[in-house]
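One letter stands for each residue in the lines below.
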Amino acid sequence: PGLSLTFSVYADVELGGKYDLAVLYIEEGSSVVPVWTKAAVKTAAQWTPQTVDLKAYINKTVRLHWFFHVVDGEHNSGKGFFVDNVTLVAPCP
């Protein structure tokens, strides 16, 4: 059995990993770890489903943090970065 987080992303931003950074962090106690980055998004300016495996966090208390930073002042005329339809998926016991 596993645990996963599903969500949709709309990224009308610069694709790739150098600019317009988007990261999902998971916080457990004093530890903050990136578990997803915008590099997983292959298509700009449309809603795309994403899935993150969270089985390492079963029976733990965590916080999720989405982070976005444009990094530079260029190519920032898109609509932006949006997250929707966030769902935690766990098997029935």
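Structure: above.
First things first, this report covers the structure right here in the doc. (Residues numbered from 1 in each chain as written. Predicted model: local features only at pLDDT ≥ 70, side-chain atom pairs only at ≥ 80, totals over all residues. Heavy atoms only, no water.)

### A few points about the overall build of the protein
For step 1, the next point in the chain: Secondary structure assignment for the protein yields zero helices and six strands.
For step 2, the next point in the chain: Listed N to C, the secondary structure of the protein is β-β-β-β-β-β in terms of helices and strands.
For step 3, the next point in the chain: C-alpha extents for the protein along the principal axes are approximately 50 × 30 × 15 Å.
For step 4, the next point in the chain: Out of the 93 residues belonging to the protein, those deemed buried represent 29%.
For step 5, the next point in the chain: Sequence separation of 24 or more characterises 80% of the internal contacts of the protein that already satisfy a separation of 6 or more.
For step 6, the next point in the chain: For the protein, the accessible area works out to roughly 6000 Å², and carbon and sulfur atoms hold 55% of it.
For step 7, the next point in the chain: For the protein, the separation between the mean place of its 7 positive charges and that of its 9 negative charges on side chains is 6 Å. (Helix = DSSP H or I, 4+ residues; strand = E, 2+ residues; numbered from the N terminus. Buried < 20%, exposed > 50% of the residue type's maximum accessible area, 1.4 Å probe, protein only. Contact = heavy atoms within 4.5 Å. Areas by Shrake-Rupley, 256 points an atom, 1.4 Å probe, with all protein chains shown as cover. Lys, Arg positive; Asp, Glu negative; His and termini not counted. Charge placed at Lys NZ, Arg CZ, Asp CG, Glu CD.)

### A look at the packing of aromatic side chains
For step 1, the next point in the chain: According to the stated counting rule, one finds seven aromatic pairs in the structure shown.
For step 2, the next point in the chain: Here Phe7 and Trp36 contribute two aromatic rings whose centre-to-centre distance is 5.5 Å and whose plane-to-plane angle is 80°, an arrangement assigned as edge-to-face. With Phe7 in strand β1 (residues 4-12) and Trp36 in strand β3 (residues 31-37), this pair connects stretches of sequence that are 29 residues apart.
For step 3, the next point in the chain: Looking at Phe7, the relative accessible area reads 2%, which means it is buried.
For step 4, the next point in the chain: With 5.4 Å between their ring centres and 80° between their planes, Phe7 and Trp66 make a pair best called edge-to-face. Of the two residues, Phe7 sits in strand β1 while Trp66 sits in strand β5 (residues 63-69), which places them 59 residues apart along the sequence. (Phe/Tyr/Trp six-rings, centres within 6.5 Å; stacked < 30°, edge-to-face > 60°.)

### Things to note about the pattern of salt bridges
For step 1, the next point in the chain: With the rule as written, the count across this model stands at two salt bridges.
For step 2, the next point in the chain: Measuring nitrogen to oxygen at the nearest pair gives 3.4 Å for the salt bridge that ties Lys55 to Asp53.
For step 3, the next point in the chain: Exposure remark for Asp53: the relative accessible area of 48% places this residue in the partly exposed category. (Salt bridge = Lys/Arg side-chain N within 4 Å of Asp/Glu carboxyl O.)

### Remarks on the nonpolar core
In summary, soluble globular proteins display a tendency toward joint burial of nonpolar side chains.
For step 1, the next point in the chain: Counting residues in hydrophobic clusters, the biggest one holds 15 residues, and the most contacted among them are Phe7, Val9, Trp36, Val52, Leu54 and Phe81.
For step 2, the next point in the chain: Where this core is concerned, the elements lending two or more residues are β1 and β2 (21-28).
For step 3, the next point in the chain: By residue number, the principal contributor to this core is β1, which donates four residues.
For step 4, the next point in the chain: Among residues more than four places away in sequence, those in contact with Phe7 are Leu24, Trp36, Thr48, Pro49, Gln50, Val52, Trp66, Val83, Asp84, Asn85 and Val86. (Core = buried A, V, L, I, M, F, W, Y, C linked by side-chain atoms within 4.5 Å.)

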